[in-house]
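What follows is the residue order along each chain.
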Amino acid sequence: MNQTFDWDAAGEALPLLLEGFRVTLLATVLGTLVAAVLGLAIAVAGRAPSRFVTVPVKAVMEFVRSTPLLVQLVGAVAVFPTVEPLTTGIVVLGIHYATYTSEVYRAGIDGVPKGQWEACRALSMSPGRTWQAVILPQAVRNVLPALGNYAVSMFKETPFLAVITVQEMVFEARKYGADHFAYTEAWTLAGLIFLVASYPTSLLMRKLEKRLGH
C-alpha cells in the first residue's frame, strides 16, 4: 500500500469511482422507491381487520428485521441465481428498508386526528376514498423527513452490494486498489464522494423536518 497520496493515481481512479457512484445512486433511488411503496402497502395491510392478513405480514417483517442485510443479499442470489445482481440488490434493499418505512408510515397514519376518520364516515366516504383523499396525504407529508433519512441510510449501505458482485463505488475502489496497489487513493476518494453526497442530503432532511414541524 502506498504511504503517500499519489494524485496521479487519484486522477486515474476518479472516473472509475464516478461510474461506480452512478450504480450506487441508481441502487439507492430505485431501492428507496421500492421501500416507500412497499412500506406503505405493509402499513395499510397491518391495519386490516383480518388476522389472516396481519399475522403473516408481521411475521415476514420480523424475519426481515431479524436477519442481517448481508445475509439477505447472499441468500437472494443463491435462490435466484439467474437474476442480475443489481436487480437482486435493489429488491433486497427495498424489502429490507420497507419493514422500517412501514413503521414510519404507521406512525404517520396514527398521527392523523380521529376526527378526520369520523368526518369521512359521516360523509359516507368509501374506505378507498378515505385513504386516498384524506388519510394518506396527511400521513405522508408528516413522514417525509424520516423517509429521507432512511434513503440516506440505504445510500451508505450500498457497499454491501459489492458482496454479490454489483460494481458500485466501493467495488470499484477495491478493484482499483488491488490492481494498482493504490488503496489509499481509491478508498479516500470513495469516502469523500460518500461524504459529499450524503452530508448535504442529511442537512436538507433536517431542514425539511423543522419546516414541517411548524
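Everything discussed here concerns the structure shown above.
This section reports on the structure supplied with the text. For every chain, the first residue of the written sequence is number 1, and numbering continues from 1 onward in sequence order. Since the coordinates come from a predicted model, pLDDT governs what is reported: local features require at least 70, and pairs of side-chain atoms require 80 or more to be given and counted, while whole-chain, interface and lining totals use all residues. Remark: hydrogens and water are excluded; side-chain values derive from all non-hydrogen atoms of the structure.

Regarding the overall build of the protein
No. 1: Scanning the protein from N- to C-terminus turns up 8 helices and 0 strands.
No. 2: Counting from the amino terminus, helix and strand elements in the protein follow one another as α-α-α-α-α-α-α-α.
No. 3: Projected onto its principal axes, the C-alpha positions of the protein cover 70 × 45 × 25 Å.
No. 4: Each residue is placed in one exposure class: buried if its accessible area under a 1.4 Å probe, protein chains only, is under 20% of its type's maximum, exposed if it is over 50%, and partly exposed if it falls in between. A buried classification covers 38% of the 214 residues belonging to the protein.
No. 5: Per-residue accessibility takes into account occlusion by the displayed protein chains alone, with areas from the Shrake-Rupley method and a 1.4 Å probe. Roughly 12,400 Å² of accessible area belongs to the protein as shown, and the carbon and sulfur atoms make up 66% of that amount.
No. 6: Only four residue types enter the charge count, namely Lys and Arg as positive and Asp and Glu as negative; His and the chain termini do not. To locate a charge, take NZ of a lysine, CZ of an arginine, CG of an aspartate or CD of a glutamate. Taking the average place of the 17 positive charges on the side chains of the protein and the average place of its 15 negative ones, the gap between the two points comes to 18 Å. Helix and strand labels come from DSSP, where a helix needs a run of H or I of at least four residues and a strand needs a run of E of at least two; each type is numbered from the N terminus.

Some words on the side chain of S102
No. 1: Checked against the element boundaries, S102 lands in helix α4 (residues 85–110).
No. 2: On the accessibility criterion, S102 (2% relative accessible area) is buried.
No. 3: Sequence-distant contacts of S102, that is, excluding residues within four places in its chain, are made with G39, I42, A43, M61 and R65. What makes two residues a contact is simply this: any of their non-hydrogen atoms within 4.5 Å.

Here's the deal with the environment of Q72
No. 1: Its place among the elements puts Q72 in helix α3 (residues 69–79).
No. 2: As for Q72 and T188, which are separated by 116 residues in sequence, their C-alpha atoms are 28 Å apart.
No. 3: Side-chain polar atoms of Q72 contact the side chain of T67, separated by 2.7 Å. By the criterion applied in these results, polar contacts are pairs of N or O atoms within 3.5 Å in which, for protein atoms, one can donate a hydrogen and the other can accept it, and in which residues neighboring in sequence qualify only through two side-chain atoms.

Comments concerning a nonpolar patch on the surface
No. 1: There is a patch of nonpolar side chains on the surface, built from L25, L26, V29, L30 and L33 and spanning about 390 Å² of accessible area.
No. 2: You can see L33 is positioned in helix α1 (residues 7–45). The patch calculation keeps residues exceeding 30% relative accessible area without a salt bridge and links them within 9 Å when they carry like charges or within 5 Å when they are nonpolar (Val, Leu, Ile, Met, Phe, Trp, Tyr). The working definition used for a salt bridge is a side-chain nitrogen of Lys or Arg within 4 Å of a carboxyl oxygen of Asp or Glu.

Here's the deal with the pattern of salt bridges
No. 1: What the rule picks out here adds up to 7 salt bridges.
No. 2: Note that E103 is salt-bridged to R65, the shortest N-O span being 3.4 Å. A residue pair is termed long-range when its members are at least 10 positions apart, and E103 in helix α4 and R65 in helix α2 (residues 51–66) qualify at 38 residues.
No. 3: Salt-bridge contacts for E103 lead to R106; the nearest nitrogen and oxygen are separated by 2.9 Å. Placement of the pair is E103 and R106 together in helix α4, with a separation of 3 residues, close to one helical turn.
No. 4: Look at E103 and you get partly exposed, because its relative accessible area is 29%.
No. 5: According to the relative accessible area criterion, R106 is partly exposed, its value standing at 39%.

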